Amino acid sequence: MAELYQMQRAMRNIRRAALQRGVIGILDIGTSKIACMVLKFDGTGTFRETDGVGPMAGQANFRVIGSASTRSRGMRHGEIETMAETERAIRTVVAAAQKVAGVRIDHVIACLAGGRPASYGLAGEIVLQSGKVAEHDVASVLAACDVPDFGRGREVLHAQPVNFAVDNRSGLADPRDHAGNRLACDMHVLTVEGDVLGNVVQCIRRCDLELAGIASASYASARASLVEDEQELGAACVDLGGGGTSVSIFIRKHMIFSDNVRIGGNLVTQDIAQGLRVPLPVAERLKTLNGGVEATGRDDRDMIEVGGETGDWEADRRTVSRADIIGVMRPRIEEILENVRQMLDAAGFDYMPSQQIVLTGGGSQIPGLDGLAARILGPNIRCGRPLRIDGLAHQFTNPGFSSAVGLALFAAHPQDEWWDFEMPAEAYPARSLRRAYRWFRNNW
């Protein structure tokens, strides 16, 4: 944990330096596409000392001056499968974005979609020596959170304080300067597989880029798709990507749960290719242009010509109805939504004050998906598009680029995390001794 803390603090310092220089890159490495945006920061007040401990600390004015996307290569289920192919794709999209922007980028912020994420809720409490909450008290209560055994090879991707309480006053976003005797904190920790995270870091460094930050794709897409009221009152964001479907739950503008299922749009394409006996490119075109989940009486008569892939159009030509395509797609879409329902039940989403669910990602554009999702997940369903930011190209405003836009918001409006505070020097060596003392006190 000490090494991870130092590494995250180093990346935060790199990002601060890049923002002061005014230019930073955003890299969304997905299973179906890789997107890159170049952000120009020209505002004042970046990372002001007067900003509080809150979700919008350190706001900055920025705009997009270059963007590009390309088909992803060497990726599977949001994880790097072939390092060389992914490296070439990243180099291609970064060069295209730099050409549009007219500047060179050396630092990028990336997102991670795979890695089998797991969420944990931690709690800590300390006694205030001075009777008032100071900066070091916030760091101390974060260090006092009892960290469980995450498992072998797991790394912490996010560690965000979601709630502070001073004595009996809970729900505080910034407890500093509050008078009281005890300070408590609730923190959400998201862990991923360390090898998956290490492969992303290595691939970016092989592209002659320096990593200035890394975030979960589910967290980034929710930041871009959920409006402010939904983040405050509570909502779930379902990101239907190519290699997997991610679920994140927000309340009081903080993520409190995240998980994913390794079934996405690419598997739907494979189902069409196998069910209708067509190549994968044809299946992708059929899914995009003629796909859906709700069949009507007219779909049986809506015939689509396919064939000719071997070069002999007359011999291979045949027709399929739109109802056939829907009949192949619907069972897989239902399976994805049923898995999402199980994750929401496991997270206790039914006990949330708001039952709003937002669908985003490339898969959310399937016609009729909102109606099917309303029957499986709940009635409060809407399809979310990423927030508009200054200079964003029109093709980047569709739901498939929610995570890329969310990364830009993550760079400009960072939420406070565990490693943003200076931990006490005794936090790590004393952790095992403190845990043993707590066990002895509670049991004897």
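Residues numbered from 1 in each chain as written. Predicted model: local features only at pLDDT ≥ 70, side-chain atom pairs only at ≥ 80, totals over all residues. Heavy atoms only, no water.

As recorded by an unreviewed UniProt entry, the chain carries the name Cell division protein FtsA and is attributed to Paracoccus marinaquae. UniProt, in its Function (unreviewed entry) section for the chain, records the words "Cell division protein that is involved in the assembly of the Z ring. May serve as a membrane anchor for the Z ring." Check the Subunit (unreviewed entry) section of the UniProt entry for the chain; it says "Self-interacts. Interacts with FtsZ." (UniProt positions renumbered as here; feature names shortened; annotations may be inferred.)

It is worth spelling out the overall build of the chain at this point. Counting its regular elements, the chain contains 13 helices and 18 strands. When each of the 444 residues of the chain is scored for burial, the buried share is 54%. Just so you have it, the chain exposes about 20000 Å², and 48% of that area is on carbon and sulfur atoms. (Helix = DSSP H or I, 4+ residues; strand = E, 2+ residues; numbered from the N terminus. Buried < 20%, exposed > 50% of the residue type's maximum accessible area, 1.4 Å probe, protein only. Areas by Shrake-Rupley, 256 points an atom, 1.4 Å probe, with all protein chains shown as cover.)

Counting residues in hydrophobic clusters, the biggest one holds 39 residues, and the most contacted among them are Leu-286 and Ile-357. Sort the elements by how many residues they give to this core and helix α10 (residues 322-346) lands first, with 8 residues. Each residue touching Leu-286, except ones within four places of it in the same chain, is listed here: Ile-272, Leu-276, Val-278, Gly-291, Ile-304, Val-306 and Ile-325. Grouped together as the second largest cluster of nonpolar side chains are 38 residues, Ala-18, Ile-24, Ala-222 and Leu-226 included. (Core = buried A, V, L, I, M, F, W, Y, C linked by side-chain atoms within 4.5 Å. Contact = heavy atoms within 4.5 Å.)

This brings us to the sheet that holds strand β17 (residues 356-360). On the basis of which strands lie adjacent, the open sheet formed by 5 strands has the order β14-β13-β12-β17-β18 and mixed pairing. Edge positions in the sheet fall to β14 (254-261) and β18 (381-383), since each of these pairs with one other strand and no more. Each strand axis lies, on average, 20 degrees off the axis of its neighbour in the sheet, ignoring direction. Pairing analysis gives 3 bridges linking β17 to β18, with the strands arranged parallel. Residue pairing across strands places Val-358 opposite Arg-382, the latter belonging to β18. Contacting β12 (235-240), β13 (245-251), β14 and β17, α10 runs over the sheet at an angle of about 35 degrees to β13. (Pairing = 2+ DSSP bridges. Axes fitted to C-alpha atoms, helices over the stretch in contact; angles between N-to-C directions.)

Our next topic: the pattern of salt bridges. Overall, the coordinates contain 22 salt bridges when judged by the stated rule. Where Arg-91 meets Asp-208, a salt bridge forms, and the shortest distance between an N and an O atom there is 3.6 Å. Residue Arg-91 is found in helix α2 (residues 83-101), and its partner Asp-208 is found in the loop between α4 (194-206) and β11 (210-216); the two are separated by 117 residues along the sequence. We classify Arg-91 as partly exposed; its relative accessible area is 36%. (Salt bridge = Lys/Arg side-chain N within 4 Å of Asp/Glu carboxyl O.)

Attention shifts here to the packing of aromatic side chains. One pass over the structure, following the stated rule, counts 5 aromatic pairs. Both rings, one in Tyr-219 and one in Phe-410, keep their centres 6.0 Å apart while their planes meet at 90 degrees; by these two values the pair is edge-to-face. With Tyr-219 in helix α5 (residues 217-225) and Phe-410 in helix α12 (residues 402-412), the pair connects residues that are 191 residues apart, well separated along the chain. The pair Tyr-219 / Phe-410 is uniform in exposure class, with both members buried. Residues Phe-396 and Phe-401 carry aromatic rings whose centres are separated by 4.4 Å and whose planes lie at 35 degrees to one another, so their mutual orientation is tilted. Here Phe-396 and Phe-401 have matching classes, each one buried. (Phe/Tyr/Trp six-rings, centres within 6.5 Å; stacked < 30°, edge-to-face > 60°.)

Time to look at the sheet that holds strand β1 (residues 23-29). Reading across from one edge, β3-β2-β1-β6-β11 is the order of the 5 strands in this open sheet, with mixed pairing throughout. In this open sheet, the two edge strands, each paired with only one partner strand, are β3 (62-71) and β11. Neighbour-to-neighbour, the strand axes of the sheet open up by a mean angle of 20 degrees, direction not taken into account. Where strand β6 (residues 107-112) meets β11, 6 bridges bridge the pair, whose relative direction is parallel. Note that in β11 the partner of Val-108 across the bridge is Leu-211. α4 contacts β1, β6 and β11 of the sheet and is inclined by roughly 150 degrees relative to β6.

Residue position: Leu-409 is located in helix α12. With 20 residues separating them along the chain, Leu-409 and Ile-389 place their C-alpha atoms 8.9 Å apart. When sequence neighbours within four positions are dropped, the list of residues in contact with Leu-409 reads Phe-62, Arg-223, Ala-224, Leu-387, Ile-389 and Pro-414.

Now for the packing of α5 against α12. Viewed as axis vectors pointing N to C, α5 and α12 meet at an angle of 85 degrees, and their least axial separation amounts to 7 Å. Relative to α12, the element α5 is oriented roughly perpendicular. Mapping the contact onto sequence places Ala-217, Tyr-219, Ala-220, Ser-221, Arg-223, Ala-224 and Ser-225 in α5 and Ser-402, Ser-403, Val-405, Gly-406, Leu-407, Leu-409 and Phe-410 in α12. Residues belonging to the contact of α5 with α12 are distributed by class as follows: 8 nonpolar, 5 polar and 1 charged. (Parallel < 35°, antiparallel > 145°, perpendicular 65-115°, else oblique. Nonpolar A, V, L, I, M, F, W, Y, C, P; charged D, E, K, R; others polar.)

Here we come to α12. Of all 11 residues making up α12, 11 are buried, and the element is well covered by its neighbours. Taken as a whole, α12 has its buried residues at Ser-402, Ser-403, Ala-404, Val-405, Gly-406, Leu-407, Ala-408, Leu-409, Phe-410, Ala-411 and Ala-412.

Here the structure, examined in full by the defined rule, presents 0 disulfides. Cys-203 provides the cysteine sulfur closest to Cys-207, a residue in no disulfide bond, and the two sulfurs are 4.8 Å apart. Look at Cys-207 and you get buried, because its relative accessible area is 8%. (Disulfide = S-S within 2.5 Å.)

Now for the packing of α10 against helix α11 (residues 369-376). Each pair of packed helices can be described by the angle between their axes along with the distance between the axes. Where α10 meets α11, the closest approach of the two axes is 10 Å, and the angle between their N-to-C directions is 45 degrees. Comparing the axis directions of α10 and α11 gives the class oblique. As α10 runs across α11, the sense of the crossing is right-handed. Counted together, Arg-330, Ile-333, Glu-334, Leu-337, Glu-338 and Arg-341 of α10 and Leu-369, Leu-372, Ala-373, Arg-375 and Ile-376 of α11 form the full contact between these two elements. For the contact of α10 with α11, a count of residues per class yields 6 nonpolar, no polar and 5 charged. (Left-handed = near helix turned anticlockwise from the far one by under 90°.)

When pLDDT is averaged along the chain, the result is 85; 88% of the residues meet or exceed 70. Note that residues 44-59 has pLDDT below 50 and, in this model, 38 contacts with residues that lie over four places away or in other chains. Low pLDDT, under 50, characterises residues 428-444; the predicted model gives this stretch 16 contacts beyond four residues in sequence or across chains. (pLDDT = per-residue confidence, 0-100.)

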